[in-house]
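# Coordinates in review
Listed below, chain by chain, are the residues.
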Amino acid sequence: MESRTAPPGISLGPMRLATWNVNSIGARLPRLLEWLEDSQPDVLCLQETKITDDAFPTLPISALGYEIESNGDGRWNGVAILSRVGFDDVTRGLPNAPGFPDVGSPQESRAIGATCAGLRVWSVYVPNGREVASEHYDYKLRWLTALNATVAAELPGHARFVVTGDFNIAPTDADVWDPAVFAGSTHVTEPERSAYRSLLGLGLVDLEARPLKGDHPFTYWDYRAGSFHKGMGMRIDLVLASRSVSDSVTDAYVDREARKGKGPSDHAPVVVDLTD
DNA sequence: ATGCCTTATTTCATAAGA
């Protein structure tokens, strides 16, 4: 497919952007293909693909008109971007991300950036953190610092800029089904929320999607204990956008329908419609 | 008090997720 490159300041018409933590693209492929046909995103950011780049199921996805850029290391993690409006300037990994378990260890596959029809997009899977005061939590905060640095470096040069994906941060207490349950847990601590607010401080806007049902735009529900049907969710999949992008939003919603039925991911897609 | 579910893999058990 021919790549489309937009000159600075020129957008190429309406665009549907989406993000979805699919919890294994191998297990989710039938649901993903069905969702692509139904929802018709122009650009889809994926997280937790859990597959190497070589093994990525390119054929059935390209048959629907999408090009694929992925950054995967196999069993865990893994991110990708699907685009039917072309790719430019693909970046695998954050330029300065720490490794794990040591800062100097190889970088995990948690970020991929690309420019699609003039929109600079980062698909990110922020580390979980596991337990506060663990090495995993420290790693999460270091990783978020690196993400802040990347945004600070790139945002000034890209009027149309988005960083989206699974942030593993609930920005406020309203973003979890019961704040009392999360007291002392990761995802809600002040350092994590401070890292989120730092991203906003750089000039990004949190495009808070509307729920298709109920009052809470949750994007994740644990598989266990009937959490989805009881409304026990969290808003941790975010779309953070530059002011230019934010000003062009015509709709943004959480597609909770994708969380229903047989073999769903534990996350729902977030869909954002943009116009000129 | 804990598991509850789902995933991939070093598979009939484990690690990880959030």
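Our subject is the structure listed above.
We now turn to the structure provided with this report. (Residues numbered from 1 in each chain as written. Chains lettered and ligands numbered in written order. Predicted model: local features only at pLDDT ≥ 70, side-chain atom pairs only at ≥ 80, totals over all residues. Heavy atoms only, no water.)

Before going further, it helps to examine helix H1 (residues 25-39). The terminal C-alpha atoms of H1, which comprises 15 residues, lie only 17 Å apart, well short of the 21 Å expected from a rise of 1.5 Å per residue. Of the residues making up H1, those classed as buried are Ile-25, Arg-28, Leu-29, Arg-31, Leu-32, Leu-33, Trp-35, Leu-36 and Ser-39. Taken together, the buried residues of H1 touch strand S1 (15-21), strand S2 (43-47), helix H2 (58-62), strand S4 (79-83) and strand S15 (270-274). If you check the start of H1, you find a side-chain oxygen 3.3 Å away from the backbone N of Gly-26, and it comes from Ser-24. With its phi angle positive at about 55 degrees, Gln-40 sits one or two positions after the end of H1. (Helix = DSSP H or I, 4+ residues; strand = E, 2+ residues; numbered from the N terminus. Expected span 1.5 Å × (residues − 1). Buried < 20%, exposed > 50% of the residue type's maximum accessible area, 1.4 Å probe, protein only. Contact = heavy atoms within 4.5 Å. Polar contact = N/O pair within 3.5 Å; in protein donor to acceptor, adjacent residues only side chain to side chain.)

Once that is clear, we can look at the protein's contact with DNA strand B. Within the structure, DNA strand B sits among 20 residues, and Ser-24, Arg-75, Asn-128, Arg-130 and His-187 are positioned closest to it. In the interface set of DNA strand B, defined as its atoms within 4 Å of the protein, sugar plus phosphate atoms amount to 69%. For DNA strand B, a base nitrogen lies 3.0 Å from a polar atom in the side chain of Asn-128. Its residues assigned to classes, the surface near DNA strand B comprises seven nonpolar, seven polar and six charged. (Near = heavy atom within 4 Å. Nonpolar A, V, L, I, M, F, W, Y, C, P; charged D, E, K, R; others polar.)

The subject of this paragraph is the sheet that holds S2. Across the sheet, which stays open at both edges, the seven strands sit in the order S3-S4-S2-S1-S15-S14-S10 with mixed pairing between neighbours. The sheet terminates laterally at strand S3 (67-71) and strand S10 (210-211), the two strands that pair on one side only. (Pairing = 2+ DSSP bridges.)

As a general point, the strands of a sheet are linked pairwise by backbone hydrogen bonds and lie either parallel or antiparallel. Pairing within the open sheet is mixed, and its six strands lie in the order S5-S6-S7-S8-S13-S9. Looking along the sheet, the strands with just one partner apiece sit at the ends: strand S5 (88-92) and strand S9 (205-206). Of the strand pairs in this sheet, strand S6 (residues 111-116) and strand S7 (residues 119-125) are connected by six bridges, and their pairing is antiparallel. Across the sheet, Cys-116 pairs through a bridge with Leu-119, a residue of S7. In the packing of helix H3 (residues 135-154) onto the sheet, the strands contacted are S6, S7 and strand S8 (161-166), and the crossing angle to S7 comes to about 180 degrees. In the packing of helix H4 (residues 190-201) onto the sheet, contacts are made with S9 and strand S13 (237-241), and the angle to S13 comes to roughly 25 degrees. (Axes fitted to C-alpha atoms, helices over the stretch in contact; angles between N-to-C directions.)

Judged by nonpolar contacts, the single largest core of 31 residues is most densely connected at Leu-17, Val-43, Ile-81, Cys-116, Leu-119, Val-162 and Val-239. In terms of nonpolar packing, the next biggest core, distinct from the first, is built from 24 residues, Trp-143, Leu-144, Phe-161 and Val-163 among them. (Core = buried A, V, L, I, M, F, W, Y, C linked by side-chain atoms within 4.5 Å.)

In contact at an axis separation of 10 Å, H3 and H4 are set at 5 degrees when each is read in the N-to-C sense. If you check the angle between H3 and H4, you find them roughly parallel. For the pair formed by H3 and H4, the contact residues are Tyr-137, Lys-140, Leu-141, Leu-144, Leu-147, Asn-148 and Val-151 on the first element and Pro-191, Glu-192, Ala-195, Ser-198 and Leu-199 on the second. Across the contact of H3 with H4, the residue classes break down as eight nonpolar, two polar and two charged. (Parallel < 35°, antiparallel > 145°, perpendicular 65-115°, else oblique.)

Moving on, we get to the pairing of strand S14 (residues 249-254). By the bridge criterion, two bridges tie S10 to S14 in an arrangement that is parallel. Bridge assignment links Arg-210 to a residue of S14, and that residue is Tyr-253. Pairing analysis gives five bridges linking S14 to S15, with the strands arranged antiparallel. Within S15, the position partnered with Asp-251 by the bridge is Asp-273.

Further remarks concern the pattern of salt bridges. A complete count under the given rule lists 16 salt bridges for this structure. A salt bridge links Arg-84 to Asp-42; the shortest N-O distance between them is 2.9 Å. One end of the pair, Arg-84, is in the loop between S4 and S5; the other, Asp-42, is in the loop between H1 and S2, and 42 residues separate them in sequence. By relative accessible area, which is 27% here, Arg-84 ends up partly exposed. Its salt-bridge partner being Asp-175, residue Arg-235 comes within 2.9 Å of it at the nearest N-O pair. On the criterion of sequence distance, the pair formed by Arg-235 in the loop between strand S12 (233-234) and S13 and Asp-175 in the loop between S8 and H4 is long-range, its members being 60 residues apart. Like Arg-235, the residue Asp-175 is buried in the burial classification. (Salt bridge = Lys/Arg side-chain N within 4 Å of Asp/Glu carboxyl O.)

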